[in-house]
Amino acid sequence: ENLQIGKWERDYFLLQEANVIGMTTTGLSKYRGLISSLKPRVILIEEAAEAIEAPISAACVDSLQHLILVGDHKQLKGSCAVKDLTGKPFFLDMSMFERLVHNGMKYVTLRQQRRMAPEMRRLLEPIYGKLQDHPSVIQRTNIPGMGDVKSYFFSHTWPENSDSLCSKINETEAEMIAGFYVYLVMNGVSVTDITILTFYNGQRKKLLKLLKQNPYLQGLYVKVVTVDSYQGEENEVVILSLVRSGNHRNVGFLSVENRACVALSRAKRGFYIFGNAKSLAAADPLWWTVISTMGGETPEDRKLGFYLPLTCTKHGRKTFIHGLYLVHSLPLEHPLMLI
């Protein structure tokens with residue numbers, strides 16, 4: 001106990017000369033006594049929408065004059081260790097940030113985005129409304145092997161299944177994505193620039209197994225992660241595996257708007273979705289809007305179909321893939337439109 005007191009005295013002596021002190025919200029709760037003794041007047045909490053209410057309350061020390069919360073309540077919520085406390089009447093999975101926003105406290109929203117190409121930004125309008133594009137995202141370079149197709153929704157009717165842990169998987173979709181991943185790498189896209197996202201851990205493990213078995217990817221680190229673990233991250237190319245494909249209207253995690261928002265907002269230059277568009281559109285209004293947006297108003301704007309359009313970097317030929325099979329191969333200048 002005396003040793004701990006001595007360490008705190010040492011820390012106080014060093015920290016009182018600091019202009020800025022950084023820590024996690026867990027650290028703030030753990031060392032609240034030390035922080036309180038430093039008499040901070042301003043505390044800024046980043047990713048405040050993902051921090052549950054208790055650590056934010058711990059920041060309200062006697063000397064505090066200005067509490068600044070920065071976050072996005074449209075993306076993932078904080079997680080509560082006790083599941084029974086997440087629903088009525090406690091709602092402990094809700095952050096103070098989200099609670100204040102919903103209760104009408106004034107807040108400021110950034111309206112200009114600097115991450116994704118404009119055609120991908122359009123997918124977020126049902127969630128964020130109109131966003132402005134920074135000039136740096138207007139002329140993003142094309143993805144090797146995809147021609148001028150920066151985003152695309154490949155729709156299929158392959159059935160979903162469950163693994164031994166009752167997590168959802170779609171084996172045929174996983175095989176298609178693994179083949180598409182290898183194709184991008186062979187056309188010159190670095191493995192560090194590609195992330196595969198999925199809503200289900202069972203699908204993540206299935207994809208990892210397929211990619212690790214591929215002889216072309218031996219010794220390379222492939223990024224295959226769940227949506228819940230990818231908040232705050234981004235990559236040049238994102239491949240999204242939606243998994244769910246059935247006649248029922250329950251699409252599980254996909255119907256949670258916070259998760260869908262994260263999944264749709266990670267890509268910078270290329271965003272390719274694999275799933276059952278018809279089933280999703282019928283089951284969830286948000287996905288209906290996303291799919292309608294990708295459907296486009298004209299054939300030129302259409303980014304949705306049962307055939308995946310590929311353009312070989314070396315030979316300049318456009319190939320349409322349906323499932324794991326080649327449908328048709330055309331010269332790049334051929335006028336055929338994808339319907």
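Residues numbered from 1 in each chain as written. Predicted model: local features only at pLDDT ≥ 70, side-chain atom pairs only at ≥ 80, totals over all residues. Heavy atoms only, no water.

Undergrad: Would you take a moment to explain the overall build of the protein for this structure?
TA: For the protein, the count of helices and strands is 12 helices and 15 strands. Buried residues in the protein amount to 44% of all 339 residues. Long-range pairs, those at least 24 residues apart, make up 69% of the contacts in the protein with a sequence separation of at least 6. Total accessible area on the protein is roughly 18700 Å²; 55% of this is exposed by carbon and sulfur atoms. Positive and negative side-chain charges of the protein, numbering 39 and 33 respectively, have mean locations separated by a distance of 2 Å. (Helix = DSSP H or I, 4+ residues; strand = E, 2+ residues; numbered from the N terminus. Buried < 20%, exposed > 50% of the residue type's maximum accessible area, 1.4 Å probe, protein only. Contact = heavy atoms within 4.5 Å. Areas by Shrake-Rupley, 256 points an atom, 1.4 Å probe, with all protein chains shown as cover. Lys, Arg positive; Asp, Glu negative; His and termini not counted. Charge placed at Lys NZ, Arg CZ, Asp CG, Glu CD.)

Undergrad: Sorry, what's going on with the nonpolar core here?
TA: The tendency in soluble globular proteins is for nonpolar side chains to be buried side by side. Phe153, Phe199, Leu240, Leu242, Phe271 and Trp287 are the most contacted members of the largest nonpolar core, which has 38 residues in total. Those elements giving two or more residues to this core turn out to be helix H7 (125-128), strand S10 (235-241), helix H10 (257-264), strand S11 (267-275), helix H11 (277-283) and helix H12 (285-295). The residues contacting phenylalanine 153, other than those within four sequence positions of it, are Leu242, Ile273, Gly275, Ala277, Leu280, Ile291, Met294, Lys303, Leu304 and Gly305. Val182, Tyr183, Val222 and Phe274 belong to the second largest nonpolar core, which has 33 residues in total. (Core = buried A, V, L, I, M, F, W, Y, C linked by side-chain atoms within 4.5 Å.)

Undergrad: For this particular structure, what's the right way to read the packing of aromatic side chains?
TA: The geometry of an aromatic ring pair comes down to the distance between the two centres and the angle between the two planes. Summed over the entire model, instances satisfying the criterion amount to 6 aromatic pairs. Aromatic pair tryptophan 8 and tyrosine 31: ring centres 6.3 Å apart, planes at 55°, arrangement tilted. Of this pair, tryptophan 8 sits in helix H1 (residues 2-15) while tyrosine 31 sits in the loop between helix H2 (25-30) and helix H3 (32-37), and the two are 23 residues apart along the sequence. With a centroid separation of 5.2 Å and 25° between ring planes, the pair formed by tyrosine 200 and phenylalanine 253 is classed as stacked. Residue tyrosine 200 is located in the loop between strand S8 (194-198) and helix H9 (201-213), and its partner phenylalanine 253 is located in the loop between S10 and H10; the two are separated by 53 residues in the primary sequence. (Phe/Tyr/Trp six-rings, centres within 6.5 Å; stacked < 30°, edge-to-face > 60°.)

Undergrad: Looking at this structure, how should I read the layout of surface pockets?
TA: Where empty space is left becomes clear once a probe the size of a water molecule has been rolled over the atoms. The computed volume of the largest pocket comes to approximately 1200 Å³. Mapped by element, the contributors of at least two residues to the lining of the largest pocket are strand S2 (66-70), helix H5 (96-102), strand S3 (112-113) and H7. Of the residues belonging to the lining of the largest pocket, the class tally is 16 nonpolar, 9 polar and 10 charged. The computed volume of the second largest pocket comes to approximately 640 Å³. Lining the second largest pocket are 23 residues, and of these Val20, Ile21, Pro40, Val42 and Ile43 sit closest to its centre. Among the secondary structure elements, those contributing two or more residues to the lining of the second largest pocket are H1, H2, H3 and strand S1 (42-46). Here the lining of the second largest pocket takes 5 residues from S1, the largest share from any one element. Looking at the lining of the second largest pocket, its residues break down into 14 nonpolar, 6 polar and 3 charged. (1 Å grid on protein atoms, 1.4 Å probe; cavity = no way out; pocket = protein on both sides within 12 Å on 5 of 7 lines; lining within 4 Å. Points joined across faces, edges and corners; volume = space filled by probe spheres on them. Nonpolar A, V, L, I, M, F, W, Y, C, P; charged D, E, K, R; others polar.)

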